[in-house]
Amino acid sequence: MADRKVKFGTLELNVSGDKLKVGDKAMDFNATNLDLSNFNFYKDAKFPVILSVVPSLDTSVCELQTFLLNKANKENDYRFNIITISNDLPFAQERFIKEKDSKEMTFLSDYIKREFGNNYGVLIEELKLLNRAIFIIDEDKTIRYVEYLDQNTNLPDIDKAIKAAKEL
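Note that the coordinates shown come from a computational prediction; the quantities given were computed from them, not determined experimentally.

### A short note on the pairing of strand β11 (residues 143–148)
So, point 1. Buried residues dominate β11, accounting for five of its six residues.
So, point 2. The pairing of strand β10 (residues 133–137) with β11 spans five bridges and is classified as antiparallel. Bridged to isoleucine 134 within β11 is glutamate 147.
So, point 3. Linking β10 back to β11 in an antiparallel pair, the connection comprises five residues, with lysine 141 at a positive phi of about 65 degrees.

Pasting the structure below:
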């Protein structure tokens, strides 16, 4: 496992795990649904899927990332299965959905087991938050697009991600 550093504003922090790349098999994980039940990625996700990884929905950049993906999905007649995952508590995620009209997306929390964060190389060790990233995964559970951000205050390239999703 490689030591990796990312920025969270001016802080330089460590990230657990290795980066996944295009062509890798997406790893299975368990996370928490809004109702606190278990979500098993391989069993419960609808593929193909866009996995949008955010540190916290209570920040402007995470909110914007989620808004832009939701907007793109609306413009494409909801053809994308989008999962937004963070370490926010499900209660905070549920509040966000109501306030920001994001009910067409699936929201998951990795706060208990942190399987997703560790498996996908996005767990910021010091903060126990997820490093911003986007993954596009096809029906065969193969990664077709990935973007890890080195600075968590930056947005991923939403246009590129949507273009990759449209190609599936």
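Read on, since the account is not over.
### Brief notes about the pattern of salt bridges
So, point 1. Inspection of every chain in the model, using the stated rule, returns ten salt bridges.
So, point 2. Residue aspartate 138 is joined to arginine 144 by a salt bridge in which the shortest nitrogen-to-oxygen separation is 2.8 Å.
So, point 3. Residue classification places aspartate 138 among the buried positions, given a relative accessible area of 6%.
So, point 4. Taken together, the shared-partner salt bridges connect Asp58, Arg95 and Glu99 into one network.

### Some remarks on the packing of aromatic side chains
So, point 1. Counted according to the given criterion, the structure contains ten aromatic pairs.
So, point 2. Ring centres 4.9 Å apart and planes at 65 degrees place the aromatic pair phenylalanine 29 and phenylalanine 116 in the edge-to-face group. Within this pair, whereas phenylalanine 29 is found in the loop between β2 (11–16) and β3 (30–32), its partner phenylalanine 116 is found in helix α4 (residues 115–119), the two being separated by 87 residues in sequence. Summarising the burial analysis for this pair, phenylalanine 29 and phenylalanine 116 share the class buried.
So, point 3. One aromatic cluster is present, built from ring pairs that chain together Phe29, Phe41, Tyr42, Phe47, Phe116, Tyr120, Phe135 and Tyr148.
So, point 4. Seen from the ring of tyrosine 148, arginine 4 lies directly overhead, with NZ or CZ sitting 5.4 Å from the centre.
So, point 5. Here the basic side chain of lysine 141 rests over the ring of tyrosine 42, its NZ or CZ set 5.1 Å away from the ring centre.

### Notes on the pairing of strand β5 (residues 49–53)
So, point 1. Burial of β5 is extensive: five of the five residues sit out of reach of the surface.
So, point 2. Here β5 shows no split at all, with Val49, Leu51 and Val53 on one side and Ile50 and Ser52 on the other all buried.
So, point 3. Bridging between β5 and strand β6 (residues 81–86) involves five bridges; their strand directions are parallel. By the bridge assignment, serine 52 is partnered in β6 with threonine 84.
So, point 4. Traced from β5 through helix α2 (residues 60–75) to β6, the parallel crossover comes out right-handed.
So, point 5. Direction of pairing for β5 relative to β10: antiparallel, over a ladder of five bridges.

### Structural notes on helix α5 (residues 158–166)
So, point 1. Turning to α5, its buried residues number three or more, namely Ile158, Ala161, Ile162, Ala164 and Ala165. The buried residues of α5 occupy one face: seen down the axis, they fall within an arc of 160 degrees. Facing away from the buried side of α5 by more than 90 degrees, the exposed set consists of Asp159, Lys160 and Lys163.
So, point 2. In the core, the buried residues of α5 are packed alongside β5, α2, β10 and β11.

Calculation criteria
Residues numbered from 1 in each chain as written. Predicted model: local features only at pLDDT ≥ 70, side-chain atom pairs only at ≥ 80, totals over all residues. Heavy atoms only, no water. Buried < 20%, exposed > 50% of the residue type's maximum accessible area, 1.4 Å probe, protein only. Helix = DSSP H or I, 4+ residues; strand = E, 2+ residues; numbered from the N terminus. Pairing = 2+ DSSP bridges. Salt bridge = Lys/Arg side-chain N within 4 Å of Asp/Glu carboxyl O. Phe/Tyr/Trp six-rings, centres within 6.5 Å; stacked < 30°, edge-to-face > 60°. Lys NZ or Arg CZ within 6 Å of the ring centre and 35° of its normal. Right-handed = clockwise from strand over helix to strand, strands pointing away. Arc of directions from axis to C-beta. Contact = heavy atoms within 4.5 Å.

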